[in-house]
Each structure stands twice: as structure tokens, then as C-alpha cells.
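Single-letter residue listing:
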Amino acid sequence: MRIGSAILMGAAIPSMHYTGMMATHFSVVESVEFSAVDTTATYWMAAIIGLFTLLLLGWTLLASFFNEQLSVQLVKTADLKENEERLKQALQNQEALAALAKSRSEELETAMLALQKAQFQFIQTEKMSSLG
């Protein structure tokens, strides 16, 4: 796409130049009285064009700067949202793991109590069998 645009602009510039040159006709003037030509108007026109050009360039540079800052802020915002989602997911996983650990702990506690009870019964049985 860029190559095509570059070729088009490369062809358009000389085409416009030569078209304008063919449409221009120059005539020779025998004498020109320079005292009758008002040159102050041309200086003002040059100053206005120069000032307008500088303002336009400054405006463009400011817009470019703020566009870059906005892009940076958008990237940072997207990163923060992504990190926030990761943190929420990690917290949910941590809560699930805590609940799993609690249930396993309760199961182990129940199994330990059952083993203690069985051990106590075994000891009682051994005592009774040794007595008689």
C-alpha cells in the first residue's frame, strides 16, 4: 500500500509541475518602473505566511506529543487492567486452595481420631486378653 502511494505521489508531483509550466505564458516587458511597485505588501504577506507555517508546525508537534502521551496512557491502562484480572484470578485460586486445605485437614483430623479410637480399643482388648 505504501509503495503504491509513493509511486503515485512520485508521478503526481512532476506531472503537476509540467502541467503548470505548460499553462504558463511569459511576456517580455520593455520597461518596469520599480518605484511604482509596493513591496511592503509582499513583506507582510511573507511574514503572515511564515507565522502561519510556524503556528501550524507547532500545533502539529503538540498534537503529536499529546498523541504519544495518550498512547502511553492507554498501554499503561491496559496493563493495569490485565494485572488486576490476574490478581483477581490468583485470589480466587488462593481461596479455593484454602478451602481444599481446610477440608483435607478436617479429613485428616477425622482419620486421626478414628485411629486413636481404634488404638485405644486395641489396647483395651490386649489388656482384657492378658487378664484372662
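For the structure itself, consult the block above.
Note that the coordinates shown come from a computational prediction; the quantities given were computed from them, not determined experimentally.

A. Fine view of the overall build of the protein chain. Looking only at helices and strands, the protein chain features two helices and zero strands. Projected onto its principal axes, the C-alpha coordinates of the protein chain cover approximately 150 × 35 × 15 Å. The 132 residues of the protein chain split such that 0% are buried. Taken as a whole, the protein chain presents about 12800 Å² of accessible surface, with 69% of it coming from carbon and sulfur.

B. Examining the packing of aromatic side chains more closely. All chains considered together, the criterion is met by one aromatic pair. Between Phe-65 and Phe-66 the ring centres are 5.4 Å apart and the planes differ by 65°, which places this aromatic pair in the edge-to-face class. Here Phe-66 falls in the exposed class, since its relative accessible area comes to 53%.

C. Highlighting the pattern of salt bridges. Taken as a whole, this structure holds two salt bridges when the rule is applied. Residue Glu-82 pairs with Arg-86 through a salt bridge whose shortest N-O separation is 2.6 Å. Placement of the pair is Glu-82 and Arg-86 together in helix H2 (residues 40-131), with a separation of four residues, close to one helical turn. Taking the relative accessible area as the measure of exposure, Arg-86 reaches 52% and is therefore exposed.

D. Inspection of a nonpolar patch on the surface at higher detail. Together, Leu-54, Leu-57 and Leu-61 make up an exposed nonpolar region whose accessible area comes to about 330 Å². Summarising the element assignment, Leu-57 is placed in helix H2.

E. View of helix H1 (residues 2-23). Helix length check: H1 (22 residues) gives 31 Å between terminal C-alpha atoms against 32 Å at 1.5 Å per residue, within 8%. Where burial is concerned, little of H1 is hidden: zero out of the 22 residues are buried.

F. Just the environment of Ala-23, in detail. When you line up the elements, Ala-23 lands in helix H1. In sequence terms Ala-23 and Met-1 are 22 residues apart; their C-alpha atoms lie 33 Å from each other.

What counts as what
- Residues numbered from 1 in each chain as written.
- Predicted model: local features only at pLDDT ≥ 70, side-chain atom pairs only at ≥ 80, totals over all residues.
- Heavy atoms only, no water.
- Helix = DSSP H or I, 4+ residues; strand = E, 2+ residues; numbered from the N terminus.
- Buried < 20%, exposed > 50% of the residue type's maximum accessible area, 1.4 Å probe, protein only.
- Areas by Shrake-Rupley, 256 points an atom, 1.4 Å probe, with all protein chains shown as cover.
- Phe/Tyr/Trp six-rings, centres within 6.5 Å; stacked < 30°, edge-to-face > 60°.
- Salt bridge = Lys/Arg side-chain N within 4 Å of Asp/Glu carboxyl O.
- Patch = residues over 30% accessible without salt bridge, like charges linked within 9 Å, V, L, I, M, F, W, Y side chains within 5 Å.
- Expected span 1.5 Å × (residues − 1).

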